[in-house]
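Survey of secondary and tertiary structure
The residues making up each chain are set out below.
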Amino acid sequence: MAKCSQTAREFIQNAFGPAVAVQCSPDAEQVCQKNNLSFVEMVRPFCKLTTEAHVRDPTNQVHVIHNLRIIMSEMDTQQPVPAMARKMLNDAVSNTQPQTVEGSRADFITVGEYNLQLNSSTPWFEAYRDTFLQVLPLSDHEYLRHLVACVCVVSSKHTDPMAEFTRLSQQQHELQHTSQAKYPKWFTPNTYKYYVLLHDVAEGDDSRAEEVFKGMKSSYGQNGCHLLKVNSRPLNSAKENTAGGPETMTGNLPDPWSQFLNKKDVEHDSPDSGQSGHSTENTDTFPDKVTESEPDQGVTVTPPPETNSVHEPPAEASSEEEKEPEAEVISHPLEQSDDEPELTKSRAETEDSYNANSTDTMNQLNEAARRKGNVPHGLYLTLSDHDRLRIFAHEFAVRGLLPHIERTIRTLNEQLASRKGLHRSFFSATKKWFGGNKQAEKGSGVQSNNGGGIYSEASAEVQLRKLGDLCFLVQMYDLAYTSYHTAKRDYTNDHAWMHAAGSLEMAALSVFMQGSPQRQYPSHYMDSAIQMYNQTCKNPQFATRTTLLSTEILKSMNLFGDAAMQFIKMTSEDSDLRSALLLEQAAHCFTSMKMPMVRKYAFHMILAGHRFSKAGQRKHALRSYSQAMQIYKGKSWTLAEDHINFTIGRQSFNLKQLENAVSAFRHLLINESKQTPTQQTAFLREYLFVFKAITAKTRTSNGGMTEDETDEEEHWLTTSVNEGTTVPGTLPQLPLPYIRTADTRVLLCQESQFPTTSGSRTRATSVSLEQPLDRPTLQKWIELEDLAVRVANDGSLPASYRPTVQCLGKCSNNAHRPVCVVGETLTVEVVFSNPLRIPLVLSDLLLIWRFVPIKYMGPGGEDKQHDMITNENIEPGKMSLAGEVLHTQVIKEFVLAAQETKPARLILVPQQTGELRILGVAYSLGGGSSQQQHVSTSGIAGLQTPPPSPQTQPPAVVTQQPMLSPSPTVTPPGTTPLTSSSNQLVPPTSGSPKPPPKKPSYISSVYVRGKQELEIQGPRLNSTKQERCSTIYGSDRRLDPIVAPSMPLLEVSFLNFPTALLCGEVQQTLVEFTNTGKCTLHRLRVASSNPEFFSFGITQPEEQRTSKYIYKTLPLDGDESGKALSAKMCNVTDVIDVPLPDGTLAPGATACLPMWVRGVNSSGVHEIDFLFYYQSLEKNPKMSHRVLHHTAVVQTSNSLCIRAVAERSRLAQVSSHQDDTNCLVINLGMENLNQINSWNPLSTIQLAPLPLIHDSNITEFTILQVSAASPVWTLTPISTQCNIDMRINGKESILMCFKAQKLKKPCAEDEVVFTNIVYNKEQIDSSVTPCSDFYFRSLYVPSPRPSPSDPNPAMEQPPDEAKVAEDLSKAELEAATKVQLSLMVIWKAFVVDDTGSHVITGQHHLILDRLDKPASSLAEPEVSYRSLEPVVEQPPITFTKQEEAAVDQGAGDENLSQLVKYTVNHPKESTHSFNTDRLCVVGVTLVVHNCSGCELYIQVETDPTSQNGALMLKSPVHQPTISYLNTFTWISGAALGFSLVAGETRQLTMEACFCRPGVYNLSNINIFAGRGAGKGAEVEVNLEELALQRQNAPSLMVVSNSV
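Report follows, based on the coordinates. (Residues numbered from 1 in each chain as written. Predicted model: local features only at pLDDT ≥ 70, side-chain atom pairs only at ≥ 80, totals over all residues. Heavy atoms only, no water.)

Further remarks concern the overall build of the protein chain. A tally of regular secondary structure across the protein chain gives 35 helices and 61 strands. Here the protein chain holds 1603 residues, and 51% of them are scored as buried. The contacts of the protein chain with a sequence gap of at least 6 include a subset with a gap of at least 24, amounting to 78%. Here the protein chain has roughly 75,400 Å² of accessible surface; of this, 50% comes from carbon and sulfur atoms. (Helix = DSSP H or I, 4+ residues; strand = E, 2+ residues; numbered from the N terminus. Buried < 20%, exposed > 50% of the residue type's maximum accessible area, 1.4 Å probe, protein only. Contact = heavy atoms within 4.5 Å. Areas by Shrake-Rupley, 256 points an atom, 1.4 Å probe, with all protein chains shown as cover.)

What follows is the structure, given as structure tokens:
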């Protein structure tokens, strides 16, 4: 809260005091003028008594008077006319500005979420209040300011002082009793006179002065005169002090007159015409008030409006700067449009009476003000003279004035008592006596006047009011309250509302000044008085005075809410200055309440600022709006904030505070605005106008450079387009449009031109700004590059390796500086956003940069050739050099539609190696008209297709001629414009003069040039504890590329690359490699996440390169169908070498290689990623390799589904037919799925059905050949014959059976044997490309991606020996079920599609790795039934550690049950005569074969019911239930145990005994096997370590009885 310098009591005491007239002779004034003071001015600082005084009331009680202030004035002083009063009030406010100390604690308050900085005091309000009380006109309804006494002053140098005293006394008497003048007004008919003899000590005669003073005492009495000695300082001493200048004029003496004399502006200028007292601006440059007009009309200044208030500033100010244009007053949203209220008749009459003297009085006041400018005061007065002046005031008050007032009070009291017919004093009268029989007296003393009352001087009401006023002046507040309270009732009864209001006002003041706790302050008296003054009497001046007094009392009582309401009620349209000050005080009251109301404070400060603006107080208006902005800023009050910012900008501009104006108008543009397009257009125009003004100011302060003094090329960069004047130095910052710095992307390679497919040629997609940049995609390419780098560096990553990120954005790692290549384009995509509802036009848009040329001489070697070169602030000597090192593209016109977000792609082409730093963008900003929003973005930006969405528009890279045909613009030096027909850079034209810059027709008249910096904040760091506990951001170096020496540049094109394939379809395409760089490339490799999709050929004969067929065929002769063909094994990895002709590719050379592609096994749309890795033949210190990205999109359709399973032949023989023992049975099934619609298996439980997959129309598939590839097995048919036609129609399937036999002669470890089963007239060579290539790729297993913490997996710790032995043992056991056989089905199909009919070929692969494990070419989808799963109950929480079950790390259960195979050989039928011999003994042979790769121990159990039955229960293999047809007994070999080495077959002889005829199952035996090296039959074996082997099918034998 702004606090006043005085308390409420001090203010009331100083506002009311005994008024004394001073009448000086000319010689006395001459004595005072030696000190540049009049007599009244000289004694005024000493008229407040510093000691106590005493006065007696009518009851003879003594009252103490504290700090009595005597108000002295010239007797001939006239009341100021209304115009003069308005000027005095206006000057009092204008000359007082806030003097706050920055950082003072008293200036800051915290209210909730608001931190406010307020003024600790309002001296301008106090100055207005004091001046208002001075210029308040005198009225007949009160006598507080009527003259009580008169002081006559005559100099001792006068020839006849006594005669002069007599003349002055008679002059006063005539002026009071015979003159018709209204002023001055006297309190009593017999005015007290006091006589002062003024003696000049330096020049006068002391003896003569004493002699004259004795005569005065004899004539006027000792208490009625005074000898005042002044000017004790000698004349020579005063002149010596003045010789030292104004600083030493008064020496070290105090100057008590400075606070009482009127201040004067030395420059005779309006206080609001410049900045706070130190502005050096030329007043002719900027008008005081600006009105908007047409661009060609410039600025207009209009005269101020006439106001009707008495206290408003005059219409004619003292200088031109004070003229206030009517059009500039900024309209307020709450401003009323009603006419101003009319003035009362009494006020109009008062003005008429003063109009005759208005001009003379004003001139005198101005002349006096100029005369008292910076002239020192009191040069001839010493401290002793100051004491004499103080003594004079005390003697006059104590011995003369107060006794006179005491006598007058007693006289008035006696008169009132006698008029009431009472014998005791009025002071002891009761309330009843004062109210009796008044009608008769009023009839003679009261005259009616407009419903009020005018009383004669002899009336009791007047006497009572005079008594109360005198008592109030001498601080006898009890008697004053009694008088006012009594008079109030009389005035109210007589409807004398003016008198009644005055009595109520003074009665309330008397109660407050008493300070008695027994009597409560009557605040309703003040409210009634204000209402009577303002509404009934139509006198706002006295209503204002009452408000000023009442609010001070209320604030002292902490009733700030009531004080604010009184301030607000007194605001009106008749006085803008008064209303502004009162609204400001009301606002401060709201912040001083117990619960501060900051929003009400802000609202009333805005109203105050508006009224200050209307009153011409620009500084105070600016201050008020700035104070209110603290509350509205950032609180979503957008319209209010816009109004405040706009007003602050206007006021700051008028005060020539251009920086503040630019800042305010900037906030209108950068904040989210809800203004209409028309209003936003005005805001933008205001900002550009002020921006232009501050640019001109900067140019003037820098010496005003001209165009002839600058280079022509530098002129473009630093010249305002519409002004043609050079702005030296760095370009200023512009607020519009927004730049989304985080979305800035940098492309380090040549952007691919779309479309990539032209006819049969498809270009590699590379990296493009059209593609979204996300972390998964970026990580995918980084992993592929890591694989390629590891292959190139023998499995490890170099220490200096960093992934090549060709497109840098917010998803990439930008901690390191990127590397670009000299001579290649560098594209920067800057995303602009227009927050306004009007279009913005950016012209001559380009990147600004700094570049340091460096010659890289090798690892660690650098040669810095030049100093830093920049195109931001180009010096004439570096202009040509900047054009040589870097070519900069310029976009001539870039239009942002209303609220549009659109990227602009700016291109740089470095011509030298070095370090580049992109600083920002430079452009010329202009605003399009709000009527031009219909202009399409595509037409302006040069795009042929409309944008897909209004939020993210296609970037404007090529600038074509706009629809409205803007004028041509100049091209900056060192830059290259883009043509309208292509994106290729064209060299700048030279030799022809450049036309002067002109504004396009659709751009506003104000057009400025500036820049915006690109400062990108890096990611927040979170790796260390310090980084996690604080907010630390890393660096983002995407805009700091290093320009490396020349490198090869690879371009890849695919000829006839398929976009649609059948599953397994094989096609041949051509790949064209072109080196467009300046160096030779070598070590070209391809890294892909799907290497099984393509092949460049591994075993490709020369004759096949020119063949039109995909597969190589061989002649089919006789039994050549089953002939085995061998080929070397090929390990397919993620990185494949590209077989260039010589291993290199020279600059400008092209190599064309065949490539085979095969459709993946699953149908759908697939993305195949290719990363081409290559190196330069010449060493580059900054770049070791380059990469090229390509993503191929292929759609596959269903074809065949191949399923197969391998089973072991259960026959075990020891005969010469050993192949029959080791053979496998292969069951192969094929199904035509091409015309089957593929449904998702979960489509029945989903909310919406999934779409069908429609395939091509294929009538049938023809099986050409079935091939087997294995290093162990060969394939022969069983169920079908060779060379027959195998066709599969739609929805048909076939089943084929083959026998796999082991090779008679083992092949080498790195070879594989291909066996072909041909069903065609020609045999396809499956051991060469592409058949063998895709077979090897079918064996591809993706290599594990190394973790970031282990970049070099080759440097691993040696494996544990125990673990190696355990793995070896496991592998030996698993060899029993390992197959190592792959099937290849080669087919052809007749396709009918939109392009016609043609024949396609393909192949499917099946890998059979385990026995009895089905394999399928169609991956079964993983169906999730999560929605159908029941809720699983969670286990209870346990607080003890549970023992974990031991996990068996050995071979699987399925492998342990197939370690051996066995055969029971016996006769199928036996005839025996049970009549002769009751037992039939039959010999049985058991053949056991070891299928594993290690030695096994075999246990044969022939009695299932023996003690070894427990072994069966512990076996991990499920034992099926055996149904015995009849029982028999094994009489030999019941329990056998023996060992078998790997691959060994043993024959055991056993005997079975039958007791009756029947059918018997002789295979009902159990064989257990386990690892048993060194164990024999006699050795005790733990049977729990043995595993039950899989049983054979029942082997039946018929035993019959012979007759």
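Back to the write-up after that little detour.
Relative orientation of the contacting elements helix H5 (residues 123–135) and helix H18 (residues 540–556) amounts to 130°, with a least axis distance of 11 Å. When the axes of H5 and H18 are compared, the pair comes out oblique. In terms of crossing hand, the pair formed by H5 and H18 is left-handed. Where H5 approaches H18, its residues Phe-125, Arg-129, Phe-132 and Leu-133 are matched on the opposing element by Gln-541, Thr-544, Arg-545, Leu-548 and Glu-552. Split into classes, the residues belonging to the contact of H5 with H18 amount to four nonpolar, two polar and three charged. (Axes fitted to C-alpha atoms, helices over the stretch in contact; angles between N-to-C directions. Parallel < 35°, antiparallel > 145°, perpendicular 65-115°, else oblique. Left-handed = near helix turned anticlockwise from the far one by under 90°. Nonpolar A, V, L, I, M, F, W, Y, C, P; charged D, E, K, R; others polar.)

A separate point is a nonpolar patch on the surface. Among the surface-exposed residues, Phe-1390, Val-1392 and Val-1399 lie close enough to one another that they form a single nonpolar patch of about 250 Å² accessible area. Tracing the backbone through its elements, the reader meets Val-1392 in strand S48 (residues 1378–1393). (Patch = residues over 30% accessible without salt bridge, like charges linked within 9 Å, V, L, I, M, F, W, Y side chains within 5 Å. Salt bridge = Lys/Arg side-chain N within 4 Å of Asp/Glu carboxyl O.)

What follows deals with the pattern of salt bridges. Summed over the entire model, instances satisfying the criterion amount to 45 salt bridges. Two residues, Arg-410 and Glu-406, come together in a salt bridge whose shortest N-O distance is 3.8 Å. You can see Arg-410 and its partner Glu-406 sitting in helix H11 (residues 383–419), four residues apart, about one turn around the helix. On the accessibility criterion, Arg-410 (26% relative accessible area) is partly exposed. Linking Arg-905 and Glu-829 is a salt bridge whose minimum nitrogen-to-oxygen distance equals 3.0 Å. Pair noted here: Arg-905 is in strand S23 (residues 901–910) and Glu-829 is in strand S18 (residues 826–833), with a separation of 76 residues, a long-range link.

Among the structural elements, Asn-1465 can be located in strand S51 (residues 1460–1465). Judged by its relative accessible area of 27%, Asn-1465 falls in the partly exposed class. The sequence separation of Asn-1465 and Ser-1595 amounts to 130 residues, and the corresponding C-alpha distance is 8.7 Å. Ignoring sequence-local partners within four residues, the contact set of Asn-1465 consists of Val-1484, Thr-1485 and Val-1487.

Topologically, Thr-551 is positioned in helix H18. Judged by relative accessible area, which is 0%, Thr-551 ranks as buried. The residues touching Thr-551, leaving out its near neighbours within four places in the chain, are Ala-563, Gln-566 and Phe-567.

Of all the eight residues making up strand S31 (residues 1081–1088), seven are buried; the element is thus mostly covered by neighbouring parts of the structure. Pairing analysis gives six bridges linking S31 to strand S38 (residues 1164–1176), with the strands arranged antiparallel. Paired with Ala-1087 across the strands is Leu-1171, a residue of S38. With three bridges joining them, S31 and strand S35 (residues 1135–1137) adopt antiparallel strand pairing. The residue of S35 that forms the bridge with Ala-1087 is Val-1135. (Pairing = 2+ DSSP bridges.)

A few words on the sheet that holds strand S41 (residues 1224–1232). Strand pairing in a sheet relies on backbone hydrogen bonds, with the paired strands running either antiparallel or parallel. Ordered in space as S43-S45-S41-S40-S50, the five strands form an open sheet in which the pairing is antiparallel. Pairing within the sheet leaves two strands with one partner each, and these edge strands are strand S43 (1273–1277) and strand S50 (1415–1416). Where S43 and strand S45 (residues 1293–1302) come together, five bridges link them in antiparallel fashion. When the bridges of S45 are listed, Trp-1273 appears paired with Lys-1302.

Our next topic: the nonpolar core. Judged by nonpolar contacts, the single largest core of 142 residues is most densely connected at Ile-12, Phe-39, Met-72, Phe-392, Phe-396 and Phe-472. The dominant element in this core, judged by the number of residues it contributes, is helix H16 (residues 497–514), at 11 residues. Leaving out residues up to four positions away in the same chain, Phe-392 has contacts with Phe-39, Val-43, Met-72, Val-151, Tyr-194, Val-196, His-226 and Leu-228. Val-828, Ile-838, Leu-886 and Val-1043 belong to the second-largest nonpolar core, a separate cluster that totals 60 residues. (Core = buried A, V, L, I, M, F, W, Y, C linked by side-chain atoms within 4.5 Å.)

Okay, the packing of aromatic side chains next. Enumeration according to the criterion identifies 39 aromatic pairs in this entry. Members of the aromatic cluster, joined through ring pairs, are Phe-1054, Phe-1057, Phe-1073, Phe-1093, Phe-1094, Phe-1096, Phe-1170 and Phe-1172. The residue whose ring lies beneath Arg-129 is Phe-11, and the NZ or CZ to ring-centre distance is 4.0 Å. (Phe/Tyr/Trp six-rings, centres within 6.5 Å; stacked < 30°, edge-to-face > 60°. Lys NZ or Arg CZ within 6 Å of the ring centre and 35° of its normal.)

Our focus in this paragraph is helix H2 (residues 26–33). Of all the positions in H2, only Asp-27, Ala-28, Glu-29, Val-31 and Cys-32 are classed as buried. Those residues of H2 that are buried lie in contact with strand S1 (19–24), helix H3 (39–43), strand S4 (71–74), strand S7 (147–155), strand S8 (192–200) and strand S9 (225–230).

Another aspect to go through is the sheet that holds strand S58 (residues 1558–1561). Spatially, the three strands line up as an open sheet ordered S52-S61-S58, and their pairing is mixed. Each end of this open sheet is capped by a strand with a single partner; those strands are strand S52 (1469–1472) and S58. Within this sheet the neighbouring strands show an average axis-to-axis angle of 25°, counted without direction. Direction of pairing for S58 relative to strand S61 (residues 1596–1601): antiparallel, over a ladder of four bridges. Paired with Val-1559 across the two strands is Val-1598, which belongs to S61.

Take the environment of Ala-661 next. Topologically, Ala-661 is positioned in helix H24 (residues 658–670). The spatial distance from the C-alpha of Ala-661 to the C-alpha of Thr-647 is 9.3 Å, given a sequence separation of 14 residues. When residues no more than four places from it in sequence are discounted, the contact partners of Ala-661 are Gly-649, Ser-652, Phe-653 and Val-690.

Another aspect to go through is the environment of Cys-1152. For Cys-1152, the location among the structural elements is in strand S37 (residues 1150–1158). With 12 residues separating them in the primary sequence, Cys-1152 and Leu-1140 have C-alpha atoms 8.6 Å apart. Those residues in contact with Cys-1152, other than ones at most four positions away along the chain, are Leu-1070, Val-1071 and Glu-1072.

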